[in-house]
Every structure is written in C-alpha cells, then in structure tokens.
Amino acid sequence: MTSDLLALFGFFLLALGFFWPRALHLGALLYLLAALADAWAKGVFSGPAQPALLLGGLLALRGESLLARPWLAPLRRYLLLLSLLLGLFALKALAHPGEALPLALSLLHGGAFLVAYLALAVGVGAGTMCALQDLRLRRAPEKALGSAPLWSLRRLERGYLKVGYLAATLGLGSGMAWAWGYFGSPLALDPKELSAFLGWFLLTLYFLLEERLRGLPRAGLLLLAYAFLLFAFLGAPFLGSRHPSRLTF
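Cut-offs applied
- Residues numbered from 1 in each chain as written.
- Predicted model: local features only at pLDDT ≥ 70, side-chain atom pairs only at ≥ 80, totals over all residues.
- Heavy atoms only, no water.
- Helix = DSSP H or I, 4+ residues; strand = E, 2+ residues; numbered from the N terminus.
- Buried < 20%, exposed > 50% of the residue type's maximum accessible area, 1.4 Å probe, protein only.
- Polar contact = N/O pair within 3.5 Å; in protein donor to acceptor, adjacent residues only side chain to side chain.
- Contact = heavy atoms within 4.5 Å.
- Salt bridge = Lys/Arg side-chain N within 4 Å of Asp/Glu carboxyl O.
- Patch = residues over 30% accessible without salt bridge, like charges linked within 9 Å, V, L, I, M, F, W, Y side chains within 5 Å.
- Areas by Shrake-Rupley, 256 points an atom, 1.4 Å probe, with all protein chains shown as cover.
- Core = buried A, V, L, I, M, F, W, Y, C linked by side-chain atoms within 4.5 Å.
- Phe/Tyr/Trp six-rings, centres within 6.5 Å; stacked < 30°, edge-to-face > 60°.
- Expected span 1.5 Å × (residues − 1).

Participant: Explain the side chain of Arg218 to me, please; I cannot follow it from the model alone.
Facilitator: By secondary structure assignment, the location of Arg218 is in helix H8 (residues 215–235). Residue class for Arg218 comes out buried when judged on its relative accessible area of 10%. Looking at Arg218, its side chain comes within polar contact range of the main-chain oxygen of Glu210, at 2.9 Å. Beyond its immediate chain neighbours, meaning those up to four positions away, Arg218 contacts Ala131, Glu157, Tyr206, Glu210 and Leu213.

This is the structure we're talking about:
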C-alpha cells in the first residue's frame, strides 16, 4: 500500500511538472522511494513495477537536468511523458505479486535492461530531434539560428545510443541464456521475447545503415525500434507470456 501511494503522488507531481518544473525533483524521488518500498516488501525486481518506477524516476531527473537548456525542451517533455507512462504502468502492476528471478540474474538481466531503456530513451529522443531538424534546415537554412545545435543533438544521440545498445545486447543475451536453461529454448513465439528481439534487431540495422539514413527514414527506424522495446516492457506482460514479468488477472 505504501508503494502505491508513493507512486500515485509521484505521478501527480510529475504531471504538475509540465507547468511547475520544481515539482519534477520531488515526483522523481517519490517514484524511486516507491520502487524501494516494493523491493523491500516483495524482493528485488520481483515484478515489472519496480524497474518501471526506477526508470520513470531516472528519466524525470534527466529531464529536469535539461531545464537549463531551453532548446532541448521537446526532449525534456518527451522524457517526462515517458515517465508518466511508466508510472501508469507501475500503478497497474504493483497490485500483482510477480515472480522473482534468481538474484544474480535479476541484477544482470534487469539491471542491463534498465540501463538500456534509460540510455535509449535519451538517445532515441535526441536522434529523432536531430534527424527532423536536419531535414528542416535543409529545406529552410535560415531557421538555423533559432534551432538546437545539431552537434549537441548528435553528441547526445551517439553517446546514449551506444550505451543503450550494448546494455540491451547484454540484457537480451543473458535473458536468452536463462530461457535456454530453464525452458529449453532461447527464444519462443512469446510477445515479450519477440518484441524485445525485434527492437534490438532494428537498432542493429540502424547502426549498420547510420551513414546512409537521413530525415524521416532515420527518425522512423529509431522510433520503431524503441516502440518494440517499450511494447516488450509495457504491453507484452498483459498479453500472456512465459516470462516472469507477466501480469495475471
């Protein structure tokens, strides 16, 4: 019950942060405290609510850090919207007991995907802004003075995407190794596993084609890859899965 209340108050404070930025810090801290309370009551990463709250809190803090750079306001709002979406999911998932993984696997697999989602959220947001701005400036170069510097967006995109991709590779590989030993197959026709794999595959394709992609195809490929990964986290648990993060009704 404590974790539910903390998450609920955190959600409302983060929503308030759209209009009153000072609320962002407290809302993010309440998310993190809710995750800690749930871990204390049920065990570390015993369900999808804990990583959702951790990720939502960290994304809100990263968004708050962008307040000093007004030209990155779209990226800040995007990170805040993701935090709210993760909070709604956590409020739904907290009521479910979940199924614990071995602690070492939870820390390796869950921790790797936590880093991946955090880094990819920033990298995909910056990369999409960069691709769309590059397209806009090619059509109207006179708008360059009022836009965010492309070099700044590219630096954010490349740094965060590389970290996120490596972390996603570690998370996917460790999860497939565990599934092979536990279920006898590393990959199944499972909505969570397939969507996570497709998201990773599209990110791999993005890195292979990075120098050739521009404008809408570049932004579209990035967004599609992250959409598959988000679906694996927030949508697939409701569809029935062999993964311990499934939510039963």
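Participant: Sorry if this is basic, but what is going on with the pattern of salt bridges here?
Facilitator: Pairing of side chains with opposite charge becomes possible as their charged atoms draw close. Taken as a whole and judged by the stated rule, the model has three salt bridges. When the shortest N-O distance is used, the salt bridge between Glu210 and Arg218 registers 3.7 Å. Across the pair, exposure class does not vary: Glu210 and Arg218 are buried alike. Three or more residues joined by partner-sharing salt bridges are found here, namely Glu157, Glu210 and Arg218.

Participant: Even after reading the chapter, I still don't get a nonpolar patch on the surface, so can you show me in this structure?
Facilitator: A cluster of nonpolar side chains, contributed by Leu16, Phe18, Phe19, Trp20 and Leu81, occupies part of the molecular surface with about 550 Å² of accessible area. Its place among the elements puts Phe19 in the loop between helix H1 (2–16) and helix H2 (23–42).

Participant: What's the story with the nonpolar core in this structure? I'm lost.
Facilitator: The nonpolar side chains of a soluble globular protein tend to be buried with one another. Core analysis: the largest hydrophobic core is formed by 63 residues, its most contacted members being Leu53, Tyr117, Tyr226 and Phe233. For this core, the elements supplying multiple residues, two or more each, are H1, H2, helix H3 (49–64), helix H4 (73–93), helix H5 (103–139), helix H6 (150–183), helix H7 (191–209) and H8. No other element matches H5, which puts 11 residues into this core. Other than its neighbours up to four places away in sequence, Phe233 contacts Pro48, Pro51, Ala52, Leu55, Leu86, Phe89, Tyr117 and Lys192.

Participant: What is the right way to read the packing of aromatic side chains from this model?
Facilitator: One pair of aromatic rings is described through two measures. These are the centre distance and the angle between the planes. For the structure shown, the criterion picks out 10 aromatic pairs. For the pair Phe89 and Phe233, a centre-to-centre distance of 5.9 Å together with 65° between the ring planes defines the contact as edge-to-face. With Phe89 in helix H4 and Phe233 in helix H8, this pair connects stretches of sequence that are 144 residues apart. Taking relative accessible area as the criterion, Phe89 reaches 6% and is therefore assigned buried. For Phe233, a relative accessible area of 7% puts it in the buried group. Members of the aromatic cluster, joined through ring pairs, are Phe89, Phe113, Tyr117, Tyr226, Phe233 and Phe238.

Participant: Quick question: what am I supposed to make of the environment of Trp71 here?
Facilitator: Considering the arrangement of structural elements, one finds Trp71 in the loop between H3 and H4. Residues Trp71 and Pro149, spaced 78 residues apart in sequence, show a C-alpha to C-alpha distance of 8.4 Å.

Participant: Explanation requested: H7 in the structure shown.
Facilitator: One full turn of an α-helix is made of 3.6 residues, so residues set three or four places apart face in the same direction. Helix length check: H7 (19 residues) gives 27 Å between terminal C-alpha atoms against 27 Å at 1.5 Å per residue, within 8%. The complete set of buried residues in H7 reads Lys192, Glu193, Ser195, Ala196, Gly199, Leu202, Leu203, Thr204 and Tyr206. Its side-chain oxygen at 2.9 Å from the backbone nitrogen of Lys192, Asp190 defines the N-terminal cap of H7.

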